[in-house]
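The residues making up each chain are set out below.
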Amino acid sequence: MNLSVNILGLKFENPLGPAAGPIVEGLENMQFFNNNTCGYNVAKTISVEGAIVPKPCIAGTTNAIYNCELWSEHHSDIWINDILPIIHKEKKKPIVISAGYKEEDFRYLIPKLDLFADMFEISTHYVSEDLLPGIVRSIRENTEKPIFMKLSPHIDDFLGFVKTVIDAGATGIVAINSLGPGTAIDLKARSVLLAEQIWMSGPSIKPIALHRIYNIRKAFPDIPIIGVGGIGKAEDVLEFILAGADLVQMLSSALIKGRGLYDKIIKDLPKALEKYGFSSIEEIRQVRKTTIFKDIDTAVDNHPSFNEKCTMCMLCVKICPAGALSAAEKSIVVDKEKCIHCGLCESRCPVDAIYGVLR
Ligand SMILES: Cc1cc2nc3c(=O)[nH]c(=O)nc-3n(C[C@H](O)[C@H](O)[C@H](O)COP(=O)(O)O)c2cc1C
């Protein structure tokens, strides 16, 4: 099965890479991703000075990561003199270097990082939007490599953000950074968890990432997009590509489950492609142009139908918001007067026994 993606003259063996974060901080972490099956490698956001990160700074639940991390704790000199030359020498795949944040940082950093980067990814998490054109220009003046500007989800006018950075000379978009600010409470400690202000990532933010990717792709059919935010399994990768991404990244699910998850997802991709009738990743990028962007018919009012897979588990009966489903002797009965055609039962059926409302 062909998992490769060709964009911007670069070949990626598969579309998955790590996202900027603690998992790609420093030499050993970058060597890990150079040697695993990921399609590309990423460096944690490098700024001129190393960040002084308040500790503790990361907490996890089964569906989300909370963090108050900043950029790389290493000074840029360590990256430029000690880490990146080794990674460059051992390099087996394209390398994306994340960098931040101010114009003067980029004028200093980009010429020194350029040799080691196949693409740049620029964090805008702590940047005021009116500074964006100057920031992009300060990078473009110092490199011919592709520049991906990373969208943070707290930016309301995200299509305006994309237009501004592309007009100023950026190549593409990474969407999205962590969501927030938020606050988490630690009841046992009778205090806030980590800090007064934390950022959220992982599976619970997936729909927000997909929303930004889908709408950016719809408005900008031709720019390269790297999708990130909530990926945790092979099907998620396919969803992100169908929504509009060309490449994808993951971080939090690997913090929740362990970094072996990257190899597992890549190993699961052929099976997932086959299950949904695709013969390659490239096919999804082609198919989305005619399927996902078609007008949605909101006038359908079909009732649920049931197939032979029904186990009479009663979940649909319990959750129907209209009370329209009830159990007969060996089947579920639909009260068509009460049914509101919402689709919840079909989406929640654990054995795919309900059809006809959603699809
Ligand atoms: C602990 C932690 C540290 C992060 N550090 C960075 C960073 O240095 N630069 C950056 O652009 N994004 C950073 N991010 C955001 C991630 O790269 C990613 O955009 C976000 O977590 C959503 O993806 P995920 O749900 O797969 O984690 C960080 C996220 C976490 C959880």
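Being a predicted model, the structure only gives us computed values, none of them experimental.

### What about the overall build of the protein chain?
Each helix and strand in the protein chain was counted, giving 12 helices and 20 strands. Computed over C-alpha atoms, the radius of gyration of the protein chain comes to 23 Å, within 12% of the 21 Å expected from 2.2 N^0.38 for 359 residues, which places it in the range of a compact globule. Expressed as lengths along the three principal axes of its C-alpha atoms, the size of the protein chain is roughly 75 × 50 × 40 Å. A burial count over the protein chain gives 41% of its 359 residues as buried. Here the contacts in the protein chain between residues at least 6 apart in sequence split such that 66% fall between residues at least 24 apart.

### Overview of the domain arrangement of the protein chain
When its domains are assigned, the protein chain resolves into domain 1 (5–287) and domain 2 (305–355). Using C-alpha coordinates to define each centre, domain 1 is positioned 40 Å away from domain 2.

### Focus on the site of the ligand
Contacts to the ligand come from 26 residues, most closely from Ala 19, Gly 21, Ser 201, Leu 251 and Ser 252. Every element with two or more residues in the shell around the ligand is listed here: β4 (41–46) and β6 (65–67). Considered class by class, the residues forming the shell around the ligand number 11 nonpolar, 12 polar and 3 charged.

### Concerning the sheet that holds strand β5 (residues 58–60)
If you trace the 4 strands from one edge of the open sheet to the other, you get β5-β6-β14-β11, paired in antiparallel fashion. Edge positions in the sheet fall to β5 and β11 (179–182), since each has one partner strand and no second. Each adjacent strand pair in this sheet contributes to an overall mean axis angle of 25 degrees, direction not counted.

### Description of the environment of Gly 258
Structurally, the position occupied by Gly 258 is in the loop between α8 (252–257) and α9 (261–275). Of the residues examined, Gly 258 has 10 C-beta atoms within 10 Å and is grouped as exposed. Distance from Gly 258 to Arg 190, taken between C-alpha atoms, is 29 Å for residues 68 residues apart in sequence.

### Points about the packing of helix α1 (residues 26–35) against helix α2 (residues 76–90)
When two helices pack together, you describe them by how their axes are tilted relative to each other and by the distance separating the axes. Running from N to C, α1 and α2 point in directions that differ by 15 degrees, and their axes come no closer than 10 Å. Considered as vectors, α1 and α2 are oriented roughly parallel to each other. In this structure, the crossing between α1 and α2 has a hand that is right-handed. Judged by residue contacts, Gly 26, Leu 27, Met 30, Gln 31 and Asn 34 of α1 engage Ile 83, Ile 86, Ile 87 and Glu 90 from α2. A breakdown of the residues in the contact of α1 with α2 according to their chemical character gives 5 nonpolar, 3 polar and 1 charged.

### Side note on the sheet that holds strand β10 (residues 172–175)
Strand order in this open sheet of 8 strands is β3-β16-β15-β10-β9-β8-β7-β4, and the pairing throughout is parallel. Taken across any chain shown, the strands that pair with only one partner, and hence form the sheet edges, are β3 (16–18) and β4. Mean inter-strand twist for the sheet, computed between neighbouring axes without regard to direction, equals 25 degrees. Pairing geometry for strand β9 (residues 147–151) and β10, over 4 bridges, is parallel. Bridge pairing in β10 places Leu 151 opposite Ala 175. Sheet strands in contact with helix α3 (residues 103–113) are β4 and β7 (95–99), and its direction is about 165 degrees off that of β7. In this fold helix α6 (residues 206–219) packs onto β9, β10 and β15 (225–228), with an angle of close to 165 degrees to the strand it touches most, β15.

### Examining the pairing of strand β14 (residues 198–201)
In β14, alternate side chains face the same way, and those of Ile 198 and Met 200 on one face and Trp 199 and Ser 201 on the other are all buried. Relative to β14, β6 runs antiparallel, the two sharing 3 bridges. Its bridge partner being in β14, Ile 65 is matched across the sheet by Ser 201. Alignment of β11 against β14, held across 2 bridges, turns out to be antiparallel. By the bridge assignment for β14, Leu 179 is matched with Met 200.

About the criteria used
Residues numbered from 1 in each chain as written. Predicted model: local features only at pLDDT ≥ 70, side-chain atom pairs only at ≥ 80, totals over all residues. Helix = DSSP H or I, 4+ residues; strand = E, 2+ residues; numbered from the N terminus. Rg over C-alpha atoms; globule rule 2.2 N^0.38 Å. Buried ≥ 20, exposed ≤ 12 C-beta atoms within 10 Å, placed from the backbone. Contact = placed C-beta atoms within 7 Å. Domains from an automatic or database assignment. Near = placed C-beta within 6 Å. Nonpolar A, V, L, I, M, F, W, Y, C, P; charged D, E, K, R; others polar. Pairing = 2+ DSSP bridges. Axes fitted to C-alpha atoms, helices over the stretch in contact; angles between N-to-C directions. Parallel < 35°, antiparallel > 145°, perpendicular 65-115°, else oblique. Left-handed = near helix turned anticlockwise from the far one by under 90°.

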